[in-house]
Structures are given as C-alpha cells and as structure tokens.
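Coordinate inspection notes
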Amino acid sequence: MIVRTRFAPSPTGFLHIGGARTALFSWAFAKKHGGTFILRIEDTDVARSTPEAVQAILDGMQWLGLDYDEGPFYQMQRMDRYKQVIQTMLDAGSAYYCYSSKEELDALREQQMANKKKPRYEGKWRPEAGKVLPAVPKDVPPVIRFKNPQDGVVAWDDMVKGRIEISNSELDDLIIARADGTPTYNFCVVVDDSDMGITQVIRGDDHVNNTPRQINLLKALAEIDSTIIVPQYAHLSMILGNDGQKLSKRHGAVSVMQYDEDGYLPEAVINYLARLGWSHGDEEVFSKQQFAEWFDLDHITPSAAQFNTEKLNWLNNHYIKAANLEVLAKDITQRLGRMGIAIATQPAIKEAIALYRDRANTLNELAQSIAYFYSKPQIDEVAKEKHITADILPVLNTLATQLVSIDWTVEAIHAAIEYAVTSNALKFPKVAMPLRVMLTGGAQSPSIDAVMAILGKDEVLARMNMTLN
RNA sequence: GUCCCCAUCGUCUAGAGGCCUAGGACACCUCCCUUUCACGGAGGCGACCGGGGUUCGAAUCCCCGUGGGGACGCCA
C-alpha cells in the first residue's frame, strides 16, 4: 500500500514548535516510504480561523522546507461532501437528531461532575428498538449525533504508544453536526482521512482520546461503504518548554518564524526537532534528507520532551559554521540592515563573517559581532580602563606611526605588533589587548592582526588615534 | 472526579532479559591549544521514581504505589 500521511493544523494561530515537529514526522514518514504528504487546513471553526493564520502556517512550513505533495485542502470547501456523508449515516441509522438544548446539556454535565462521574451525553434522543422518544420541541434546532456502540471496546495498536483499548461505555454519542448544520471536527477528520486515503495518522497525543471515537465513526462508515478502512495511528507526545512547563500562548509557545527572526537556521531547527523524541542510535547531527531516510516510528519516545535552547544553539552554531559563506553574507547583510547598519563594500563582509562564524550561536549574534566593522564601536569603559593604561600609550603611539607605512597584510601587521612587543620587552597581550579595545570596543575578538587586516589601514589608524589623542 | 498516557544523568536520548562497571549528545567542570574570547582536542561530574513479584539473571516483563501529563465542548 502506498503511504499517505497528512498534517492537519487548524488555522487559529501560527505554526508553533509542536506543530512543526508533528509536520516534520509526518513528512519524514511519507518520504521514507516513497509516499505522499498532504497538507489539510482544518478551518471549520469559522469564529477562530483566520486567513492570516493560514498564511503563517504556510510560511512556517516553507521556511522549514516541509514541502507537501497534495493540498493545501480546506475543510470549509468540503462542506457538501460532509453533509452528503451525514445524510447517508442518517439514512443508515448510525446517526440521529438530538433536540437537547445547550442549557440542558450544560446542566447535565455539571450534575455528572458533581457526582464525580465522567460527563457524558445520556442518550435521551438516541433511537432504540422499542424506545419511545420524547416529543420534539418546537424551539430547539437539533444537532446530529453519532450512534456510538455501547458495548465492547475500541482498540488500536498505536505505532508509538502500543496497544490502547478503550471501553465503548466510556464514550458517548458525539455531535457530528451542529444545530446550524456544520459538521464538527471528529467527523470531518474521519471523512477527510478516509477520502484522502490516509494510511498513517501521525499527530499529537492530545488526540489519543479522539481516536476511539474516530475509529467507531470509521467503522460505521465502513458498513455503508466497504472500501473504507481504519488507518494506522501514531500519537506523538508533547513538547514542553525550557522550564518543563506546558507550552501555551502565554507560556513560551512561539511561531517557528520567530526562530528565523532570532537567527536560527531552518536546518538547525529541523535537526533539533528530529532529535526531540526520536533517535537513531547515537546520531546527533544530520540533514533533513538523512532524517527522511532514517526515520521510523519504532524509535519515537512515548514520553514528553522538554525543549532545550542550549542544544538548539549548539546545533545552530554547527550549521552556521557549515553554511555557505555567500548565503550567510546575504542573510547577515539583511540583519545588519535591520539593526540600522549599512554594509560598505569594504571591509568585505564575507571575511568578517569567516572570522566570526565559529563563535556565534545565532545569526543575530553573528551580525552583532561584526557590526563594529561598519560602525564605530561603543568602547567598553571597564576594558578601556584595564587595558589602555598610561604606560602603554607611548608604545601604541609608536606602533600607530609604524603601521602607516607597512603593507596591509596579516603578516606585516603581526610583525609590527611583534616588534612593538619585543622592542619594549613586553608580553604580546600587553599590546594586543589595548588594540582590541580601541578597534573592536571590547576585550574579546579573534586574532587582532586578522581583525586589523579586515578593518583596513585607514579605519585602524582612525580608531587608534581617536583613543590616543 | 472519571478515563487514557508517561517515568534512564540537569536536558535530549541509547537500551527489545545476560553485550550495562548503564553508552552518546547538550550544559557544567578541569586540562591542552592560544594573543583575549571563542573554535578545536583530551578528560571529568552525572541517571535506571519506590516497593513487590517472574527469572539462574531485570533498566528491560508483570502488579501495586508515587509523581507528571492529557482528555472529558454544538473547539480543533
């Protein structure tokens, strides 16, 4: 059978890290098996769905490089189909009208909770052989409920959690169409998964409780249309925030696009997410393509995973070091632009990046660290006081005048500094540190001669003189 | 409350009854490299939630407990 997986977000917000991982795993499973990955937008909640959210999800998927083979499909465009299926269920007797009002249901729920029972629809309008239904009230528009089996158990072999069995007595007759006629989530999912020929449903484990309902629905549908099959299910555990707390809008849940803004490479985010809850032996660093080749549902951890920014940083640093310099230059130029720093042709940004990429966890850090090449640095006063001492000023002055006439190469610059050091019987840092402070603003930088070579003679002298005079 | 799920270093994880003196990675610490800070290299610290079984043998299988999480909508 050809594998068909899907990612089915509801457009009520951005694509967050949990959704991104679900999408990634679905995508990878399809790729691994040469199958088809489908994007489906579950927008039946008209009140909360927005076109902006749809776009945000599309943007997020694109940034991560999660390309889909089919879709995006929109559930709102499939209304006719849902209504048609509901009618067949009504005709077959596997669905029925229920005239209990919302108020009535709320009261029932409250009472059940108070009695420490699991709140459930009690089946007032469920037709039964020999049962006399109440008189239909005139003022209540009916919902349509699914006639869920009352006996036995629903069971499935979850591909990550193993066998799960739930007694039908735990389930009630769920509403499949609202009073206004629009179908509800569990019903739409079932029709779509079935119509789209989904073979593996890979989703968050907050859906575990929906699964038995969906399987029952599918089985009822299969009695009408025998070609309908129950897919396999894989429920992914959730991702917790850095502090171990559940991610929520108020608490740490951010758009994947925020990672772009914060200076993370999509390769790093993909790699990180892949290792969150899944493993391939001791492998830690691998590409999306490699992941797709290795991916399998057998090596997914069933327990929740805590997000760890430090490990993401480490991976991001790895990918920054490995990135194409040309691509990096383009990105960093934009980031500097957003910081209000325009890039001159000199110094060459690629050289500055090459000098600094090893030490940056994010692209923003990288941009920040080379900003001083293009705008005068803010001198760190503490570092200045510590390193630019009165006794070293004459040495620096002499060095400045010597620098005027040398070839502007790393070697020549190094030789000039070395001369200043030895001729005054000093240690190298004694001269290098004040140079760092004058030229970069702080006490940490790569080799100072390399920095100077890139900065350019004029700028080096200008900055030196600014402090020395 | 009811039902469901989960449980190995601080974190992500390896682990399919003997390969486990529990492995790797991030973080942390030490040392080396060194021109400061990084990078890199070499080491170190550090875990099977508790209790019962099963077995010659349990991190691994079973039961109970504890802890955490999820679901219980005319939301998805």
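Residues numbered from 1 in each chain as written. Chains lettered and ligands numbered in written order. Predicted model: local features only at pLDDT ≥ 70, side-chain atom pairs only at ≥ 80, totals over all residues. Heavy atoms only, no water.

Regarding the overall build of chain A
Secondary structure assignment for chain A yields 19 helices and 12 strands. Taken against the 2.2 N^0.38 rule, which gives 23 Å for 469 residues, the C-alpha radius of gyration of chain A at 32 Å runs more than 25% over that of a compact globule. With the principal axes as the frame, chain A shows a C-alpha extent of 110 × 45 × 35 Å. Considering chain A as a whole, with its 469 residues, one finds that 49% of them fall into the buried category. Sequence-distant contacts, at least 24 apart, represent 76% of the contacts inside chain A between residues at least 6 apart. Accessible surface computed for chain A: about 22800 Å², of which carbon and sulfur atoms make up 51%. Of note, chain A has its 49 positive side-chain charges centred 3 Å away from the centre of its 59 negative side-chain charges. (Helix = DSSP H or I, 4+ residues; strand = E, 2+ residues; numbered from the N terminus. Rg over C-alpha atoms; globule rule 2.2 N^0.38 Å. Buried < 20%, exposed > 50% of the residue type's maximum accessible area, 1.4 Å probe, protein only. Contact = heavy atoms within 4.5 Å. Areas by Shrake-Rupley, 256 points an atom, 1.4 Å probe, with all protein chains shown as cover. Lys, Arg positive; Asp, Glu negative; His and termini not counted. Charge placed at Lys NZ, Arg CZ, Asp CG, Glu CD.)

Notes on the layout of surface pockets
A volume near 1300 Å³ is recorded for the largest pocket. Taken together, 40 residues line the largest pocket, and the ones lying closest to its centre are S10, H16, G19, D206 and H207. Those elements giving two or more residues to the lining of the largest pocket turn out to be strand 1 (4–7), helix 1 (17–32), helix 5 (185–195) and strand 9 (200–204). Sort the elements by how many residues they give to the lining of the largest pocket and helix 1 lands first, with four residues. Within this model, the second largest pocket holds a volume of roughly 680 Å³. (1 Å grid on protein atoms, 1.4 Å probe; cavity = no way out; pocket = protein on both sides within 12 Å on 5 of 7 lines; lining within 4 Å. Points joined across faces, edges and corners; volume = space filled by probe spheres on them.)

Re the domain arrangement of chain A
Under the domain assignment, chain A is made up of domain 1 (79–236), domain 2 (324–375) and domain 3 (381–468). One C-alpha centre belongs to domain 1, the other to domain 3, and the line joining them spans 76 Å. (Domains from an automatic or database assignment.)

Digging into the sheet that holds strand 4 (residues 95–98)
The sheet built from three strands is open, its strands ordered 4-5-8 with antiparallel pairing. At either margin of the open sheet sits one strand with a lone partner, and together these are strand 4 and strand 8 (175–177). Neighbour-to-neighbour, the strand axes of the sheet open up by a mean angle of 45 degrees, direction not taken into account. With four bridges connecting them, strand 4 and strand 5 (residues 143–146) associate as antiparallel partners. The residue bridging A95 from the neighbouring strand is F146, located in strand 5. Across the sheet, helix 3 (residues 79–92) lies against strand 4, strand 5 and strand 8, angled at about 95 degrees from strand 4, the strand it touches most. (Pairing = 2+ DSSP bridges. Axes fitted to C-alpha atoms, helices over the stretch in contact; angles between N-to-C directions.)

Section: the protein's contact with RNA strand B
Around RNA strand B lies a shell of 60 residues, among which K116, R178, R359, S445 and D449 are the nearest. Put simply, 70% of the atoms of RNA strand B that lie within 4 Å of the protein are in sugar or phosphate. A179 places a polar main-chain atom, nitrogen or oxygen, 3.0 Å from a base oxygen of RNA strand B. In this structure, a sugar or linking oxygen belonging to RNA strand B sits 3.0 Å away from a side-chain N or O atom of N209. (Near = heavy atom within 4 Å. Polar contact = N/O pair within 3.5 Å; in protein donor to acceptor, adjacent residues only side chain to side chain.)

Remarks on helix 17 (residues 428–440)
Taking 1.5 Å as the rise per residue, helix 17 with 13 residues should run 18 Å; its terminal C-alpha atoms sit 18 Å apart, in good agreement. Burial runs high along helix 17: 10 of the 13 residues are buried. Listing the buried residues of helix 17 in full gives V431, A432, M433, P434, L435, R436, V437, M438, L439 and T440. Its buried side turned inward, helix 17 meets helix 14 (381–387), helix 15 (393–403), helix 16 (410–423), helix 18 (448–455) and helix 19 (457–468). Two residues or fewer past helix 17, G441 is found with a positive phi of approximately 95 degrees. (Expected span 1.5 Å × (residues − 1).)

Regarding the packing of helix 15 against helix 17
In contact at an axis separation of 11 Å, helix 15 and helix 17 are set at 70 degrees when each is read in the N-to-C sense. Considering the angle they form, helix 15 stands roughly perpendicular to helix 17. Each of V395, L396 and L399 in helix 15 lies in contact with helix 17, whose residues at this interface are V431, P434, L435 and M438. Of the residues belonging to the contact of helix 15 with helix 17, the class tally is seven nonpolar, no polar and no charged. (Parallel < 35°, antiparallel > 145°, perpendicular 65-115°, else oblique. Nonpolar A, V, L, I, M, F, W, Y, C, P; charged D, E, K, R; others polar.)

Some points on helix 12 (residues 349–356)
Those residues of helix 12 lying buried are I349, A352, I353 and Y356. One face of helix 12 carries all of its buried residues, which in axial projection span an arc of 100 degrees. Residues of helix 12 that are buried in the fold lie against helix 11 (325–338), helix 13 (363–370) and helix 18. (Arc of directions from axis to C-beta.)

Looking at unusual backbone geometry
Following G71, the chain continues into P72 via a peptide bond in cis, with omega recorded as 5 degrees. Topologically, P72 is positioned in strand 3 (residues 70–74). For K116, which is not a glycine, the phi torsion comes out positive at approximately 60 degrees. For K116, the position within the fold is in the loop between helix 4 (102–114) and strand 5. K116 sits in the exposed class, given a relative accessible area of 78%.

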